[in-house]
Amino acid sequence: MSEQFGNAYRHSFAAGLLAGLVCATAAPALAQGSPPNFSASNVGWIAVGTDWTAKPGSPSPVTQDPAHKYVPNNVGGQPTFRIANLNNPNLTQFAKDSLKKTNEAVLSGKPMWSPSARCRATGPAFLLTPAQPMFFVQTAKQVAMLHQHDNDVRRIHLNVPHSANVKPSWYGESVGRYEGDTLVIDTIGFTDKTFVDNFRTPHSEKLHTIERLRLVEDGKFIEIEAVIEDPAIFLKPLHVTKRSRRVEGGLAEWRCAAGEMNNPFADTSDPIPVAVKADF
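Keep in mind it's a predicted model, so treat the numbers as computed, not measured.

A. Summary view of the overall build of the protein chain. In terms of helices and strands, the protein chain carries 2 helices and 9 strands. Its helices and strands taken in sequence order, the protein chain reads α-β-α-β-β-β-β-β-β-β-β from the N to the C terminus. Taking the intrachain contacts of the protein chain between residues at least 6 apart in sequence as the baseline, contacts between residues at least 24 apart amount to 59%. When the accessible area of the protein chain is evaluated, it comes to approximately 14200 Å², of which 55% is carbon and sulfur surface.

Structure representation (structure tokens):
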């Protein structure tokens, strides 16, 4: 799918989701053990932090190199780009070599913006997109997860198996089910053009993720637990967590067109991917 068509498609699909969100009624409180309702009227969810946190006993995800301080936006001081710690013992040599190239680009002064800042699909790092809210639309057959940023959409097909032959795509093929108060999402079939996190940790098409989402603290947060497995990148699977906090307010229209990234975001060291031919 071409980048231009992809943006137009996402925006048109988002308009339909927006209508559904506007028409939704406030969700009643859920009984213990009942399926979670993430899609109450005028409720969005913003990531708390933009990194994975290892569960006790799990290998660590990629973290900041302690020799280089990371300063995010809006905390005071000059923001910096991330520098990955290459001493992580759970990374394969292929992963270290890829991260080393990114580190060298940052240290040479090149602007290695995050994928979401450059209007790129975030792939397995979808739940790490910062600053802007994510919304849910839940039906009997599908859960749609929509980021206000660039109107990125993930679709989780409920109570069905994976396809026999999955074609790699930006967000892979996600199938899900409810286990009591938890939405379980099993995803395979990612293209290798995305990253596992905001350090630009690469992955292969063998990447397999299982995410478990549930409401905690009286619905103030979504707690996410994920298993991230890719033998090309990690010697052992990651078991990680993060949270997204509840915010009030409806979905706002947001435009993030690739053609507008020429200045200052575009850089020949990190070109926006463009399809050689359309998929239709």
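We are not done yet, so read on.
B. Spotlight on the pairing of strand E6 (residues 182–188). Of all the 7 residues making up E6, 6 are buried; the element is thus mostly covered by neighbouring parts of the structure. Here strand E5 (residues 173–179) pairs with E6 via 7 bridges, running antiparallel. Counted as the bridge partner of Tyr 178 is Leu 183 from E6. Hairpin geometry of E5 and E6 is characterised by an intervening segment of 2 residues between the two adjacent antiparallel strands and by a positive phi of about 60° at Gly 180. Across 6 bridges, E6 lies against strand E7 (residues 208–216) in antiparallel orientation. Opposite Thr 187, over in E7, you have Thr 209 as the bridge partner.

C. How the structure looks around the environment of Phe 126. By secondary structure assignment, the location of Phe 126 is in the loop between helix H2 (93–107) and strand E2 (134–138). By relative accessible area, Phe 126 is classed as buried at 0%. Sequence-wise, Phe 126 and Asp 152 are 26 residues apart; in three dimensions their C-alpha atoms are separated by 8.7 Å. Among all residues touching Phe 126, those that are not within four sequence positions of it are Met 134, Met 145, His 147, Asp 152, Arg 154 and Tyr 171.

D. Examining the pattern of salt bridges more closely. According to the stated counting rule, one finds 10 salt bridges in the structure shown. Taking the shortest distance from any N to any O, the salt bridge between Glu 211 and Arg 154 comes out at 3.0 Å. A residue pair is termed long-range when its members are at least 10 positions apart, and Glu 211 in strand E7 and Arg 154 in strand E4 (residues 153–158) qualify at 57 residues. Both residues of the pair, Glu 211 and Arg 154, count as buried. Residues participating in the shared-partner salt-bridge network are Arg 214, Glu 217, Glu 223 and Arg 243.

E. Geometry of the pairing of E5. In this structure, E4 lies alongside E5, joined through 3 bridges in parallel fashion. Bridge assignment links His 157 to a residue of E5, and that residue is Val 175.

F. Spatial organisation of the nonpolar core. Ranked by size, the top nonpolar core spans 37 residues in total, and within it Trp 52, Phe 136, Met 145, Leu 213 and Ile 228 carry the most contacts. Secondary structure elements with two or more residues in this core: strand E1 (43–54), H2, E2, strand E3 (142–147), E4, E6, strand E8 (221–229) and strand E9 (238–248). Here the element with the most residues in this core is E8; it accounts for 4 residues.

G. Main features of H2. With 15 residues, H2 should reach 21 Å at 1.5 Å per residue; the first-to-last C-alpha distance of 21 Å fits that figure. Looking only at H2, the buried set comprises Ala 95, Leu 99, Thr 102, Asn 103, Ala 105 and Val 106. The buried side chains of H2 occupy one side of the element, clustering within an arc of 160° when seen end-on. For H2, the exposed residues set more than 90 degrees away from the buried face come down to Gln 93, Phe 94, Lys 101 and Leu 107.

H. Broad picture of the side chain of Arg 154. Taking the relative accessible area as the measure of exposure, Arg 154 reaches 4% and is therefore buried. A distance of 3.3 Å separates the side chain of Arg 154 from the side chain of Ser 174, its partner in a polar contact. Of note is the side chain of Arg 154, whose polar atom sits 3.0 Å from the side chain of Glu 211. Not counting residues up to four positions away in its chain, the partners in contact with Arg 154 are Phe 126, Leu 127, Val 143, Ala 144, Met 145, Tyr 171, Ser 174, Ile 185, Thr 187 and Glu 211.

Cut-offs applied
- Residues numbered from 1 in each chain as written.
- Predicted model: local features only at pLDDT ≥ 70, side-chain atom pairs only at ≥ 80, totals over all residues.
- Heavy atoms only, no water.
- Helix = DSSP H or I, 4+ residues; strand = E, 2+ residues; numbered from the N terminus.
- Contact = heavy atoms within 4.5 Å.
- Areas by Shrake-Rupley, 256 points an atom, 1.4 Å probe, with all protein chains shown as cover.
- Buried < 20%, exposed > 50% of the residue type's maximum accessible area, 1.4 Å probe, protein only.
- Pairing = 2+ DSSP bridges.
- Salt bridge = Lys/Arg side-chain N within 4 Å of Asp/Glu carboxyl O.
- Core = buried A, V, L, I, M, F, W, Y, C linked by side-chain atoms within 4.5 Å.
- Expected span 1.5 Å × (residues − 1).
- Arc of directions from axis to C-beta.
- Polar contact = N/O pair within 3.5 Å; in protein donor to acceptor, adjacent residues only side chain to side chain.

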